[in-house]
Amino acid sequence: MRKTLVVALLVLAPFGSAGTALAQNRAATFDDALNVKAVGAATISPDGSQVLYTVRQWEAEKDRMEARTRIWKVATDGKSPARQITFGEKGDSQPQWSPDGKFISFISNRGAGEDVKAQIYVMQADGGEAWKLTDAKENVSAYSWAPDGARIAYVATDPRSPEDEADIKKRDDERVFEGDFRYAHVWVVEVGTKQSTRITQGKDYTVGGAPSWSPDSSRFVFGGGVTPMLRDNRRDIYLADVAATRVEKISTNFGNDASPKWSPDGKSIAWTLEPYNGAPIPDGTAPSVVLQSRLVLYDVAAKTIKDVSSPAFDTDAGNPVWTAEGNRVMFVAGKRAYTEAFAYDLTSGRYTQLSAKRTLQGPTASKDGRTIAVTMDAPDAAAEVFVTDPAFASFRRLTNTNPQFAQLSLGATEVVAWKSTDGAEVEGVLLKPVGFEAGKRYPTLVVAHGGPAGAYVNGNRLGGLEGGQVWAGKGWAVFYPNPRGSTNYGEKALKANVNDWGGGDFKDIMSGVDALVARGIADPDKLAHIGWSYGGYMTAWVITQTSRFKAAMVGAGLTNMWSMYGTNDIPSVLIAYFGGIPNKETLPLYLDRSAMTHVDKVTTPTLILHGANDERVPIGQAMELYRALKDRGKPTELVFYPREGHGISEFYHQKDRLQRIYDWVTKHTLGSSAPKTTAQ
């Protein structure tokens, strides 16, 4: 790899318009989808003059491709080009500024060998070699600077004992299921001496996320789970005194409290809460809940918690960020088909939506609060770094990480709305074919989202599960519905598919397809349906309920809710959606809303894709569906991706998935008239 400075040209114009200048542009390919560089983690310098951000891309390493993240820096005045500033062999992440802006820190696992641990590195803000600050025995997972700049709090998992390491080496490594836990804890390292002190310990909690320091650098607050199990929703907020190495729990909710942030004046701590007042599971754990998180404020002096949620603000509270003056809390949350910035004003007690029709992430603010940095994508562009004013009224683009988008012919998107069978208002995103002509019908691919508490927003559609813009370039419309149960539409809509998976949500999607047919866009004889995770569940359910789709792809899909409950790593989610554990009262619903119960009705050719090491949706779900379809003589194919969990992370597996879905769907939907594409 080159060790020279990498420079990117700046383009300060707004995102372009999809579907323009088609004559000189070319159709998007799956290669383009894989080559998109992912921009994230934008953080602005204290003086507001520079932004650090990360760029993740595929890089060739020996005989395989590896995803590597690098850290870049760009000036907010737009007068100088963005620069890559780290070149770690295995990538670098989580960039931060020191409080005085003189240093840059990041996490990297540098050095020879396969078992090198990720550590905190520090470098001068104006460049030079980085030096290793920590020497943790396990990977540093998160960290934060103390406001005085003298110390950093970091999180690392407790190392195994020498005896355990020896047993593992000789393969005497039996483990008790849900019994042999490893806990993460907080250490504080002195920047000047590199000496680390352990602050938290024991098995009362495992720390998750970076601590947030008090303004005087004497204490910090952090979130911790009672156990490391994903199915255990008990998560609390703790306050640590550094000098005394004393920790106290300050949250009182039995359920999930997370993302604590200390206010600039030191008087308050903001965090998000999912209230739970029900009974625990017999082993003492808390099940999942289906509701939006709420913003709460903790009075540090009085030690009291105030829930500042409001019926007038029917949106998830997001990850809180204090403004510089300390009287507002900002956060980003989904709002219909967008992700917007919001603020809660402590003085008025009101929530305000700051941005409009944006798909942004962040934000971070300069010390004086005058400049905000975010990342933001659009239908015709991948995420880039922007700065804006505190009112989010004027955005200036700072980076052009993916200039290739200007060369592509892209389909336009439209946020569409329709009424479901019961009159409920439903919304989604429609990606139109390149060169769309009103009145002409197009083959249409329906893509169900995961979750079910997920949502599609009106953002970039080149990557993802299917690479939608590639389909648009081949003459397809791609439909991304947000049925009931989706987030972004208020708590009532979020809860609307509790005890009703495959009911109203299925009808919402089908009525959305009907609406596109009625508009003369979707060809009713050339429809296909795909999805991953809950989207896989919905696809499996769809093919048991209707024969209108010519092809389907079930990705990591739940097919038998009873066996799914007993074998996956978060059964508490099913408990929340199906009225409790499977028993005499609830089992009929588990069975009735399982695709396997109705599999005799399937006529749709179905491709099944699954990660071979998936614990979220175990491989048995895919195998049950495959065996049922195969033994009934239905067209089907099952593909496992070795080493993969619930998501598909390896380059060639992602490449195969994109192409395999396209080939299967077009073959069975269009037959010999299917346009060809490659993932070269």
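Residues numbered from 1 in each chain as written. Predicted model: local features only at pLDDT ≥ 70, side-chain atom pairs only at ≥ 80, totals over all residues. Heavy atoms only, no water.

Caption draft 1: View of the overall build of the protein chain. Tallying secondary structure elements over the protein chain gives 11 helices and 39 strands in all. Taken over C-alpha atoms, the radius of gyration comes to 25 Å for the protein chain, in line with the 26 Å a tight globule of 680 residues would show. For the protein chain, the C-alpha atoms occupy an extent of roughly 70 × 65 × 60 Å along the three principal directions. Counting across all 680 residues of the protein chain, residues that qualify as buried make up 55%. Accessible surface, the protein chain: about 28800 Å² in total, of which carbon and sulfur atoms supply 49%. (Helix = DSSP H or I, 4+ residues; strand = E, 2+ residues; numbered from the N terminus. Rg over C-alpha atoms; globule rule 2.2 N^0.38 Å. Buried < 20%, exposed > 50% of the residue type's maximum accessible area, 1.4 Å probe, protein only. Areas by Shrake-Rupley, 256 points an atom, 1.4 Å probe, with all protein chains shown as cover.)

Caption draft 2: Region of interest: the sheet that holds strand E10 (residues 131–132). Pairing is antiparallel in the open sheet, where 4 strands are placed in the order E7-E8-E9-E10. One side of each edge strand has no neighbouring strand; the edge strands of this open sheet are strand E7 (92–97) and E10. Bridge count between strand E9 (residues 119–124) and E10: 2 bridges; the pairing is antiparallel. Each residue of the ladder has a partner; that of tyrosine 121, found in E10, is lysine 132. (Pairing = 2+ DSSP bridges.)

Caption draft 3: Seen up close, the pattern of salt bridges. Within this structure, the stated rule accounts for 34 salt bridges. Here arginine 110 and aspartate 92 are joined by a salt bridge, their closest N and O atoms 3.0 Å apart. Placement of the pair is arginine 110 in the loop between strand E8 (103–108) and E9 and aspartate 92 in strand E7, with a sequence separation of 18 residues. Aspartate 92 gets classed as buried once you look at its relative accessible area, which sits at 0%. Through salt bridges that share partners, Asp115, Lys117, Glu138 and Arg182 make up one connected network. (Salt bridge = Lys/Arg side-chain N within 4 Å of Asp/Glu carboxyl O.)

Caption draft 4: Quick look at the packing of helix H5 (residues 504–518) against helix H6 (residues 534–545). Where H5 meets H6, the axes come as close as 11 Å, and the angle between the chain directions of the two elements is 75 degrees. The pairing of H5 with H6 is recorded here as roughly perpendicular in orientation. Contacts between H5 and H6 involve Asp505, Phe506, Ile509 and Met510 on the former and, on the latter, Tyr534, Met538, Trp541, Val542 and Gln545. Of the residues in the contact of H5 with H6, the class split is 7 nonpolar, 1 polar and 1 charged. (Axes fitted to C-alpha atoms, helices over the stretch in contact; angles between N-to-C directions. Parallel < 35°, antiparallel > 145°, perpendicular 65-115°, else oblique. Contact = heavy atoms within 4.5 Å. Nonpolar A, V, L, I, M, F, W, Y, C, P; charged D, E, K, R; others polar.)

Caption draft 5: Local environment of H6. When the terminal C-alpha atoms of H6 are compared, their 16 Å separation across 12 residues agrees well with the 16 Å that a helix rising 1.5 Å per residue should span. Across the 12 residues that make up H6, a large majority, 11, are buried. (Expected span 1.5 Å × (residues − 1).)

Caption draft 6: Up close: the packing of aromatic side chains. Following the criterion strictly, the structure yields 34 aromatic pairs and no others. Measuring from ring centre to ring centre gives 6.4 Å for phenylalanine 181 and tyrosine 183, while their planes differ by 85 degrees; the resulting arrangement is edge-to-face. Note on phenylalanine 181: relative accessible area 25%, which makes it partly exposed. Note on tryptophan 501 and tyrosine 534: the rings are 4.9 Å apart at their centroids and 75 degrees apart in plane angle, and the pair reads as edge-to-face. Placement of tryptophan 501 in the loop between helix H4 (491–495) and H5 and of tyrosine 534 in helix H6 is noted, with a sequence separation of 33 residues between them. Take tyrosine 534: its relative accessible area is 4%, and that puts it in the buried class. These aromatic residues form a ring-pair network of at least three members: Trp501, Tyr534, Tyr537, Trp541, Tyr565, Tyr577, Phe578 and Tyr590. (Phe/Tyr/Trp six-rings, centres within 6.5 Å; stacked < 30°, edge-to-face > 60°.)

Caption draft 7: Structural view of unusual backbone geometry. Following glycine 362, the chain continues into proline 363 via a peptide bond in cis, with omega recorded as -5 degrees. Structurally, proline 363 is set in strand E27 (residues 359–365). Here the bond from glycine 451 into proline 452 is cis, since omega is 10 degrees, no more than 30 degrees from zero. Inspection of the secondary structure puts proline 452 in the loop between strand E34 (442–448) and helix H3 (468–473). For arginine 336, which is not glycine, the phi torsion reads 55 degrees and is therefore positive.

Caption draft 8: A look at the confidence of the model for the protein chain. When pLDDT is averaged along the protein chain, the result is 93, and 95% of the positions lie at 70 or above. The low-confidence segment residues 1–14 (pLDDT under 50) makes 36 contacts with residues lying over four places distant or belonging to another chain. Predicted confidence is poor over residues 16–22, with pLDDT under 50, and the contacts of this stretch with residues over four places away or in other chains come to 12 contacts. (pLDDT = per-residue confidence, 0-100.)

Caption draft 9: Fine view of the pairing of E8. For E8, the tally of buried residues reaches 5 of 6 residues, placing the bulk of the element in the interior. Of the pairings in the sheet, the one linking E7 to E8 comprises 4 bridges and is antiparallel in character. What sits directly across from glutamine 96, in E8, is serine 105. Where E8 meets E9, 6 bridges bridge the pair, whose relative direction is antiparallel. Paired with serine 108 across the strands is glutamine 119, a residue of E9.

Caption draft 10: Structural detail: the nonpolar core. Membership of the largest hydrophobic core comes to 43 residues, with the highest contact counts inside it found for Leu445, Trp471, Ile661 and Val665. If one sorts the elements of this core by residue count, helix H11 (residues 651–670) sits on top with 7 residues. Apart from residues no more than four positions distant in its own chain, tryptophan 471 is found in contact with Phe30, Leu445, Glu466, Trp476, Val478, Ile661, Tyr662, Val665 and Thr666. One finds Leu430, Ile521, Tyr534 and Tyr577 within the second-largest nonpolar core, a separate group that totals 38 residues. (Core = buried A, V, L, I, M, F, W, Y, C linked by side-chain atoms within 4.5 Å.)

Caption draft 11: Quick look at H11. Look at H11: 28 Å from first C-alpha to last across 20 residues, which is about the 28 Å you get at 1.5 Å a residue. For H11, every residue scored as buried is listed here: Phe651, His653, Arg657, Leu658, Gln659, Ile661, Tyr662, Trp664, Val665, Thr666, Thr669 and Leu670. Immediately downstream of H11, the backbone of glycine 671 shows phi near 70 degrees, a positive value.

Caption draft 12: Local environment of the side chain of arginine 231. Tracing the backbone shows arginine 231 in the loop between strand E16 (219–225) and strand E17 (235–241). For arginine 231, a relative accessible area of 10% puts it in the buried group. A polar contact is formed between the side chain of arginine 231 and the side chain of aspartate 283, at a distance of 2.6 Å. (Polar contact = N/O pair within 3.5 Å; in protein donor to acceptor, adjacent residues only side chain to side chain.)

Caption draft 13: Geometry of a negative patch on the surface. Where like charges cluster on the molecular surface, the negative patch consists of Asp172, Asp173, Glu174 and Asp180. Relative to the elements of secondary structure, aspartate 172 occurs in the loop between helix H2 (162–169) and strand E13 (184–190). (Patch = residues over 30% accessible without salt bridge, like charges linked within 9 Å, V, L, I, M, F, W, Y side chains within 5 Å. Lys, Arg positive; Asp, Glu negative; His and termini not counted. Charge placed at Lys NZ, Arg CZ, Asp CG, Glu CD.)

Caption draft 14: Highlighting the sheet that holds strand E14 (residues 196–198). Spatial ordering of the open sheet is given by E11-E12-E13-E14, a layout of 4 strands whose pairing is antiparallel. Two strands in the sheet have a free side with no partner beyond their single neighbour: strand E11 (140–145) and E14. Put simply, the sheet's adjacent strands are angled 25 degrees from each other on average, direction ignored. By the bridge criterion, 3 bridges tie E13 to E14 in an arrangement that is antiparallel. Note that in E14 the partner of tryptophan 187 across the bridge is arginine 198.

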